[in-house]
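# Geometric and topological summary
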Amino acid sequence: MKIWSFTTVKDEEDIIESFVRYNMNILDGMVISDNNSNDNTLKILEKLKEEGYNIDIIIDKNKWFDQTKRRNELLEYTAKKYKPDYIFPIDADEFICTYKKGNPRKIIEKLAGSDLYRYKMENYILTGNESDELFIPKKMVTEREEVESERHNYKCIIPKKTYQAGIFLQMGSHNANYLDDKEITSSILDDLYLAHYPVRSSEQLTNKIIIGRLNNSSLHSREEGLGWHQYEILDEIIKDGKLSDKTLLDNSKYYGILNKESEVKAKENPINLAFCKNISIKYTKKADNNNILTNTIKTSFAIIDRMRKELKEKDKYCEEQIKIVEKEKDGYKEELNRIINSKTWKLKTKIDKIFKRKGKKQ
């Protein structure tokens, strides 16, 4: 049985090595598309590939793209190139786990029958008592308990027969539908879950907020209120030059929860690493505020460069339109001259003169 995943990444240097080393204990291979990372994400991926990990690294130079469309493109790419029995769409902060003992792969290998499988996402949060451990699942061991008033998120697992039939992954890969609108049957897997580590450090969240706001602010077509949840955090960063511990822990605790008044409970529940081999970190460095400044500068210049190119393209388009109008105008002039110099026009002119003279005499 072949089990593959696909992922889009951007600026994930603090977790990408943990992500690959852990999940490759379960998967046969990973397709990872790097979208213009400004940090060491791509370098770490290349070192892991040199080390022998079966990673297909795609360099995506697109400045902007539709995430849902991109995921569906990667699904098609992975399916056609590697023909796996199961495909996992996962993000760089997600780790495939089981509530049972042993390797989650054993559960996957026993799957059969359903068109689509879905399994829960469990959020791991910061408490303020974390060590300097760089392997993220060892650093973050506190699991947030399910909040009753909130909808729980799931992720898809796609069997070969289903992607061969033609499907479209919905936003976030939380569900899918057939391209012919036929209803897709799905089964919820109670034995698997996806450990999710969305907020991992002050440096990571600060970088995410600054880069996110820069990108959103530069979109001329952005919707009003886009990225609204980032404004307050950015205001604090601008005012104080850093995030407070309270802001960091609150954002970790309430990540994805709409009602911030909800009671949130958590428990220590580290994921099982007993089945894992080779999870020692080699290439990831401790977070540094200098990296945030570097990424901000790189992103700012990238945005300026993109906007400059857009203006050039607009200017070029306007010049081309002007040339088209000028050409049309020249064409109209030629046509007018042809009509004026035609025998018919000259005859009309003579008749007009005759009538004018005749009118004067009368």
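Right above here is the structure, for reference.
Conventions and cut-offs
Residues numbered from 1 in each chain as written. Predicted model: local features only at pLDDT ≥ 70, side-chain atom pairs only at ≥ 80, totals over all residues. Heavy atoms only, no water. Buried < 20%, exposed > 50% of the residue type's maximum accessible area, 1.4 Å probe, protein only. Helix = DSSP H or I, 4+ residues; strand = E, 2+ residues; numbered from the N terminus. Arc of directions from axis to C-beta. Patch = residues over 30% accessible without salt bridge, like charges linked within 9 Å, V, L, I, M, F, W, Y side chains within 5 Å. Areas by Shrake-Rupley, 256 points an atom, 1.4 Å probe, with all protein chains shown as cover. Salt bridge = Lys/Arg side-chain N within 4 Å of Asp/Glu carboxyl O. Lys, Arg positive; Asp, Glu negative; His and termini not counted. Charge placed at Lys NZ, Arg CZ, Asp CG, Glu CD. Pairing = 2+ DSSP bridges. Right-handed = clockwise from strand over helix to strand, strands pointing away. Core = buried A, V, L, I, M, F, W, Y, C linked by side-chain atoms within 4.5 Å. Contact = heavy atoms within 4.5 Å.

Attention shifts here to helix α9 (residues 245–253). Buried within α9 are the following residues: Thr247, Leu248 and Ser252. On an axial view of α9, the arc spanned by its buried residues comes to 130 degrees, and they lie on one face.

Taken together, the side chains of Lys43, Lys47, Lys285 and Lys298 make up a positively charged region of the molecular surface. Relative to the helices and strands, Lys43 resides in helix α2 (residues 41–51).

Take the pairing of strand β2 (residues 29–35) next. Regular strands show a simple pattern: their side chains alternate between the two faces of the sheet. The element β2 is extensively covered by neighbouring structure, given that seven of its seven residues are classed as buried. Neither face of β2 is left uncovered, since the one carrying Gly29, Val31, Ser33 and Asn35 and the one carrying Met30, Ile32 and Asp34 both have all their residues buried. Bridge count for strand β1 (residues 3–9) against β2 is six bridges, and the pairing is parallel. Each residue of the ladder has a partner; that of Phe6, found in β2, is Val31. Once you follow β1 into helix α1 (residues 16–23) and on to β2, the crossover reads as right-handed. Of the pairings in the sheet, the one linking β2 to strand β3 (residues 55–60) comprises six bridges and is parallel in character. Note on β3: the bridge partner recorded for Val31 is Asp56. In this region the chain leaves β2, passes through α2 and returns to the parallel neighbour β3; the handedness of that crossover is right-handed.

Before going further, it helps to examine a nonpolar patch on the surface. Taken together, the side chains of Leu293, Ile297, Phe301 and Ile304 make up a nonpolar region of the molecular surface, amounting to roughly 400 Å² of accessible area. Tracing the chain through its elements places Leu293 in helix α10 (residues 289–340).

So, on to the nonpolar core. By size, the foremost hydrophobic cluster in this structure holds 58 residues, and its most contacted members are Val20, Tyr22, Phe88, Phe95, Tyr119, Tyr197 and Ile271. The element contributing the most residues to this core is strand β11 (residues 186–196), with five residues. Once you skip the residues sitting within four places of it in the chain, Ile271 turns out to touch Tyr22, Phe95, Cys97, Tyr124, Pro137, Tyr193, Ala195 and Tyr197. Of all hydrophobic cores here, the second largest spans 18 residues; its members include Leu74, Ala79, Tyr178 and Ile184.

As enumerated under the stated definition, the model contains 18 salt bridges in all. Here Arg21 and Glu51 are joined by a salt bridge, their closest N and O atoms 2.9 Å apart. Of the two residues, Arg21 is situated in helix α1 and Glu51 in helix α2; the sequence distance between them amounts to 30 residues. The partner of Asp60 in a salt bridge is Arg70, and the shortest N-O contact between them spans 3.0 Å. One end of the pair, Asp60, is in strand β3; the other, Arg70, is in helix α3 (residues 67–82), and ten residues separate them in sequence. Residue Asp60 shares its accessibility class with Arg70, and that shared class is buried. Here the residues in one salt-bridge network are Glu17, Arg21, Glu51 and Lys282, joined through shared partners.

By themselves, these observations are geometric and do not establish any function.
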